[in-house]
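# Summary of structural features
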Amino acid sequence: MRTPPVVLAQRHRALICYTPTPPRPPCSRSRHPPPSAPPRRRMSTSKDSAEEATATQRRAQATWRQWPTMLDAVVALRGEADLDGGGCPGAPFSAPLAAVDMGCGTGEVAALLRARGWDPVVGVDGDPAMLDAAEAAHTGVRFVRHDLRGLSLAALGLERPADLIWSSFAVQYFGAEMEPLLRSWASLLRPGGLLAVVETDGLFSCHEPQADGGAEEFRRMERALAEGHGYDAFAGRAVADAMRSAGLEVVLQSDWTDAELAFDGPASPEVLEAWRGRLERMKFPAEYFGDALPARAAAFLECLRSPEHRTSSRLKLVVGRRRGASKA
């Protein structure tokens, strides 16, 4: 039986499936250490170097996301009762509110939440290199190494249910497990708490014009990736229905452009390099295309470089509310 995919970090890792690893204890800033944990051993390997390179690129890519504006849209759903400063979405909160970032990667969104007054903020990921980078860059956030399934408040170090759970580019790795995953996260929310998910609605195949039928070839690859490994490049369009099936009330669905993933016109040199790195890191394109991958990748990058480049891809922000008495 195939081992189910485990999300070790947020974004387009080397292969889609990894072997589960033991949970990592919260970092030293946590007030809730686990009763015991195996010692952590770090050795310099080629895999470590690749993970560190991915973490470095992940930090750079965060500058292309519209995280602050997306967070404003989520915070606005809470109403003004919890906000200080005349209801400004970016203002600090008048009372501590607990937030969790599932698949936090290098911690940029978790740090934004903490800067906006959320306390405590917990970032969860399974990739030690990502968490090392997050802990080195951000203070005031508790980072926990754990599979995104099977989480409890105790594992998160929380004494009460969360007010917000955020996740970006993580549920796409779970395929048919999306609905039970979201249901398990919803159980960690207080009544009226929000679950905000950002996902892609297309990856390689949505970009045109690609020479020699490239878009169709990449779409076939994306289908094979979803069927064989559970990674869905179009997960964004399935999130709202999965939330409803998980018992959540969907209160927001919105589409967003993105400087790297969902833009028209020619890509910047930095964005081209990010796409080149993605094609090199992901093992599945090489397995699927074989010797044809260099030509296919070159045509894809030429498409992104073109002034005629267009994409139908968008990022999907979907927010669900846990049903209950409180909606504030």
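This text follows the structure it describes.
Below you will find a few notes about this structure.

Our next topic: the overall build of the chain. From N to C terminus, the chain includes 11 helices and nine strands. A buried classification covers 55% of the 328 residues belonging to the chain. In the structure as shown, the chain presents an accessible area of about 13600 Å², 54% of it carried by carbon and sulfur atoms.

What follows concerns the side chain of H207. Structurally, H207 can be placed in strand β6 (residues 207–208). Each residue touching H207, except ones within four places of it in the same chain, is listed here: A215, L261, W275, F300, C303, L304, H309, R310 and T311.

So, on to the sheet that holds strand β1 (residues 99–102). Read across the sheet, seven strands follow the order β3-β2-β1-β4-β5-β9-β7 without closing on themselves; strand pairing throughout is mixed. With partners counted over all chains shown, the strands left at the sheet margins are β3 (142–145) and β7 (248–256), one partner each. Averaged over all neighbouring strand pairs, the angle between strand axes comes to 15°, with direction disregarded. With eight bridges connecting them, β7 and strand β9 (residues 315–322) associate as antiparallel partners. The partner of L248 across the bridge, within β9, is R322. With respect to the sheet, helix α2 (residues 67–76) is in contact with β4 (162–168), β5 (189–200), β7 and β9, its orientation differing from that of β4 by roughly 145°.

Tracing the sequence through the fold places R160 in the loop between α5 (153–156) and β4. Along the sequence, R160 and R190 sit 30 residues apart, while their C-alpha atoms lie 8.0 Å from each other. A distance of 3.1 Å separates the side chain of R160 from the side chain of D163, its partner in a polar contact.

Quick notes on the rules
Residues numbered from 1 in each chain as written. Predicted model: local features only at pLDDT ≥ 70, side-chain atom pairs only at ≥ 80, totals over all residues. Heavy atoms only, no water. Helix = DSSP H or I, 4+ residues; strand = E, 2+ residues; numbered from the N terminus. Buried < 20%, exposed > 50% of the residue type's maximum accessible area, 1.4 Å probe, protein only. Areas by Shrake-Rupley, 256 points an atom, 1.4 Å probe, with all protein chains shown as cover. Contact = heavy atoms within 4.5 Å. Pairing = 2+ DSSP bridges. Axes fitted to C-alpha atoms, helices over the stretch in contact; angles between N-to-C directions. Polar contact = N/O pair within 3.5 Å; in protein donor to acceptor, adjacent residues only side chain to side chain.

Function cannot be read off these values alone, since they describe shape.
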